[in-house]
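Single-letter residue listing:
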Amino acid sequence: MIHVKKFAALLAAACAFPLLTATPAGAAVDGHCGQYICVLTAHHNRFVQDITVRTKDGLPGTLRAYWGDFRSPRVSAASHRWTVNYEQKDAKLVCGGLERDGRTIEDGICVTI
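Below is a summary of the structure that appears in this document. (Residues numbered from 1 in each chain as written. Predicted model: local features only at pLDDT ≥ 70, side-chain atom pairs only at ≥ 80, totals over all residues. Heavy atoms only, no water.)

For the structure shown, the criterion picks out 2 aromatic pairs. Ring geometry for tryptophan 67 and phenylalanine 70: centres 5.4 Å apart, planes at 50 degrees, overall tilted. Judged by its relative accessible area of 17%, phenylalanine 70 is buried. Between the aromatic rings of tryptophan 67 and tyrosine 86, the centroid separation amounts to 5.8 Å while the plane-to-plane angle is 75 degrees, which identifies the pairing as edge-to-face. Highlighted residues: tryptophan 67 in strand 4 (residues 61-67) and tyrosine 86 in strand 7 (residues 79-87), separated in sequence by 19 residues. The class of tryptophan 67 is buried, set by a relative accessible area of 1%. Overall, tyrosine 86 belongs to the partly exposed group, its relative accessible area being 36%. Chaining the aromatic ring pairs together yields one cluster made of Trp67, Phe70 and Tyr86. (Phe/Tyr/Trp six-rings, centres within 6.5 Å; stacked < 30°, edge-to-face > 60°. Buried < 20%, exposed > 50% of the residue type's maximum accessible area, 1.4 Å probe, protein only. Helix = DSSP H or I, 4+ residues; strand = E, 2+ residues; numbered from the N terminus.)

Structure below.
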């Protein structure tokens, strides 16, 4: 029988595995959640590999991501991954936002890189 702590560790590892397999050696995967969205990024120092923004409730909305000189196109989805592969030396945050029905639901949910 698997203990609760071991099960939780296995579950966390299984959820993180898809993000880790897509990143190069030495890269970090960081994320931060607000009330409605989560922003995840795979990066190596200031070289951002990708940005993922997803809604916590699974409902669609207009998602976007931004950092430094990068501004993603807006997409209508419950989650979206933007491949970036761009270095922004002075950028310290990767951020995301969510709009629904023309209103900003949440913005400025950021991950420190």
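Time to look at the nonpolar core. One finds Val39, Ile51, Val53 and Trp67 to be the most contacted residues of the largest nonpolar core, which totals 18 residues. For this core, the secondary-structure elements that each account for two or more residues are strand 2 (37-44), strand 3 (47-55), strand 4, strand 7, strand 8 (93-100) and strand 9 (103-112). Once residues within four sequence positions are removed from consideration, isoleucine 51 is found in contact with Val39, Leu40, Thr41, Ala65, Trp67, Phe70, His80, Arg81, Trp82, Val84 and Val94. (Core = buried A, V, L, I, M, F, W, Y, C linked by side-chain atoms within 4.5 Å. Contact = heavy atoms within 4.5 Å.)

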